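Descriptive analysis of the structure
Single-letter residue listing:
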Amino acid sequence: MSSRLTGDETALWQAAARVLDANWTGTATVPSPGLYPHQWSLDSAFVALGLARHRRDRAERELTSLFRGQWADGLLPHLVFDDTLARHAYFPGPEMWHGDHRPRAPHGVRTSGLTQPPLHAFAALRLHESAPPSEAEHSLDFLRGLYPCLAAQHRYLAEARDLSGSGLAAICHPWESGMDNSPAWDRPLGALRLPPAAYSPGRTPRDLPTGEDYDRYVHLVALLRAHDYEPAYIRDDHPFAVEDPLFNAAYLASEHALAEIAALVGADPAPHRERSARVHAALLDRLWDHEQGCFRARDLRDDRLLPVVTVAAFAPLLDPDLPPGTVRRLVDLLLSARFAGAAGYPVPTCDIQAPAFDRSGYWRGPTWINTNWLLWHGALGHGLTVVADLLYGSTLRLVRQSGFREYFDPFDGTGRGSHDYSWSAALVLDLLA
Ligand code: 9WN
């Protein structure tokens, strides 16, 4: 803990550290006690950023534990199951993802067959950069061991998920975005033709996503599983294929990090630089909406941008090479009454003026700490100190007022969803560091 913290900040820091301690299983961190009892990929990347400031040993174990689940083709699953738990501990459990036939999946570890935004190389580099001099050598060794896994994760995305050949990676399920029921997915989900006897999920942890959403999520998983998650099926036939700005901004930030890691561990950074240049160009070429001045997801099944503007629109601020004119237009929209300008506790996950906006609807309106953190980090990278200060202040006000909740009402800051949510606590540790 930094010695320059005020008394109030010290108390917040200690409370955040207590959440991470309580959610530590001995090998990894669960996103929250109760509702999310396994290890999630995106959560672990954010948690590692916080553990880097608190328990560096655990940050390393967090990442190592996650990569135990990596598939032979490099896919880093979005979920690594804790097999000691009862089967009903979380829906959908391990049995939904595989039958006995488990091509490419690791032995002895049960995982999902989807992935999530690849923020891991970015987190690993930040972990290394925050090492005190006494741990620098050990930290480099850790990076050396992790680099091949990170490189394989990115190779999978480049080979199996670049469905348009543009350099962008596509997601094949809303869960892969990390923003499950974002209104951005309403159109492609609505276009799905479900089998007559729709699956009944038997899980209603909160009002949203609705049972109908779950039918669609489960239907998409059933299709992927029936086709063994084969890249050719995903490319040619799977009905949900979307290029998302947040997923690709994470991919780009991590590809930049991989180039730096490669240089540190004596590998060749050139392929990572080439890939990040392609992702940068394709983000602007394929996902930039000049009229609205923001990034939007592209539906590959009808080659159109999806209509609803969400907080993902701003994630490419993580791109250090974003042209200044593009940055200015993003900031104008971010500060407008459609996002931060009309929210007491920005940044809402959906355009406030969109018909789909719902202030309490999970990823359909509420403010989340992880998206705030990504935009804060992106704003700092572009020297946007006013925006960064706004995000920093709003994020800390939320957790001071409502605790480390999963998500928050963007107008009055009321906490919603799980309590003691790991990434909310972890990212506060990083903010305070
Ligand atoms: C499905 C764990 C995860 C987060 C996602 C969040 C939610 C799962 C769910 O929880 O998704 O993967 O059960 O709704 O949307 O971002 O990683 O915290």
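In what follows, the accompanying structure is described. (Residues numbered from 1 in each chain as written. Predicted model: local features only at pLDDT ≥ 70, side-chain atom pairs only at ≥ 80, totals over all residues. Heavy atoms only, no water.)

Helix and strand counts for the protein chain come out as 14 helices and nine strands. Taking 433 residues into account, the globule formula puts the C-alpha radius of gyration at 22 Å, and the protein chain, at 20 Å, falls close to it. Every one of the 433 residues in the protein chain was classed for burial, and the buried ones make up 62%. Of all intrachain contacts in the protein chain linking residues separated by at least 6 positions in sequence, the fraction that spans at least 24 positions is 71%. Per element, the accessible surface of the protein chain, about 15800 Å² overall, is 51% carbon and sulfur. (Helix = DSSP H or I, 4+ residues; strand = E, 2+ residues; numbered from the N terminus. Rg over C-alpha atoms; globule rule 2.2 N^0.38 Å. Buried < 20%, exposed > 50% of the residue type's maximum accessible area, 1.4 Å probe, protein only. Contact = heavy atoms within 4.5 Å. Areas by Shrake-Rupley, 256 points an atom, 1.4 Å probe, with all protein chains shown as cover.)

What surrounds the ligand is a group of 15 residues, the closest being D43, Y90, G178, D180 and Y421. Here an oxygen atom of the ligand and a side-chain polar atom of Y90 are 2.5 Å apart. The protein chains hide 100% of the 420 Å² of surface that the ligand would expose on its own. Of the residues in the shell around the ligand, the class split is nine nonpolar, three polar and three charged. (Near = heavy atom within 4 Å. Polar contact = N/O pair within 3.5 Å; in protein donor to acceptor, adjacent residues only side chain to side chain. Nonpolar A, V, L, I, M, F, W, Y, C, P; charged D, E, K, R; others polar.)

Attention now moves to the pattern of salt bridges. Per the stated rule, a full pass over the model turns up 26 salt bridges. Taking the shortest distance from any N to any O, the salt bridge between D302 and R187 comes out at 3.8 Å. Here D302 is found in the loop between β6 (298-299) and β7 (304-305), whereas its partner R187 is found in helix α6 (residues 186-190), with 115 residues between them in sequence. D302 gets classed as partly exposed once you look at its relative accessible area, which sits at 32%. For the salt bridge of E255 with R275, the shortest nitrogen-to-oxygen distance reads 3.3 Å. Of the two residues, E255 is situated in helix α9 (residues 245-265) and R275 in helix α10 (residues 270-287); the sequence distance between them amounts to 20 residues. (Salt bridge = Lys/Arg side-chain N within 4 Å of Asp/Glu carboxyl O.)

Attention now goes to the environment of L264. Among the secondary structure elements, L264 is positioned in helix α9. Given the relative accessible area of 37%, L264 is considered partly exposed. In this structure L264 touches L125, H128, L140 and L143, once residues within four positions along its chain are discounted.

The peptide bond linking F91 to P92 adopts the cis configuration, its omega dihedral lying at 0°. Along the chain, P92 turns up in the loop between β2 (79-80) and α4 (120-129). Put simply, P346 and V347 share a cis peptide bond, and its omega is 10°. In this fold, V347 is placed in the loop between α11 (324-335) and α12 (369-381). Unlike most non-glycine residues, D303 shows phi in positive territory, near 50°.

Turning next to the packing of helix α3 (residues 56-67) against α4. At a minimum axis separation of 11 Å, α3 and α4 run at an interaxial angle of 155°. Taken together, the axis directions place α3 and α4 in an arrangement best described as roughly antiparallel. Remark: the crossing between α3 and α4 carries left-handed chirality. Residues R56, A59, E60, L63, L66 and F67 of α3 pack against H120, A124, L127 and H128 of α4. In the contact of α3 with α4, the residues fall into six nonpolar, two polar and two charged. (Axes fitted to C-alpha atoms, helices over the stretch in contact; angles between N-to-C directions. Parallel < 35°, antiparallel > 145°, perpendicular 65-115°, else oblique. Left-handed = near helix turned anticlockwise from the far one by under 90°.)

In this section: the layout of surface pockets. Its boundaries defined by the atoms lining it, the largest pocket holds a volume of some 370 Å³. Listing elements by their share of the lining of the largest pocket, those giving two or more residues are α4, α9 and α12. Taken together, the residues that form the lining of the largest pocket break down as eight nonpolar, five polar and three charged. Its boundaries defined by the atoms lining it, the second largest pocket holds a volume of some 190 Å³. As for the second largest pocket, its lining consists of R187, P188, A191, L192, R193, H219, P239, D299, R301, D302 and R304. Of the residues contributing to the lining of the second largest pocket, the split by class is four nonpolar, one polar and six charged. (1 Å grid on protein atoms, 1.4 Å probe; cavity = no way out; pocket = protein on both sides within 12 Å on 5 of 7 lines; lining within 4 Å. Points joined across faces, edges and corners; volume = space filled by probe spheres on them.)

For the rest of this paragraph, the subject is the nonpolar core. Of all hydrophobic cores here, the largest spans 142 residues; its most connected members are W185, I261 and F314. Of the residues forming this core, the biggest block, 12 residues, is contributed by α9. Once you skip the residues sitting within four places of it in the chain, W185 turns out to touch I171, P174, S177, M179, D180, F240, V242, D244, A297 and L306. Judged by nonpolar contacts, the second largest core, of six residues, contains V308, A343, A354 and F357. (Core = buried A, V, L, I, M, F, W, Y, C linked by side-chain atoms within 4.5 Å.)

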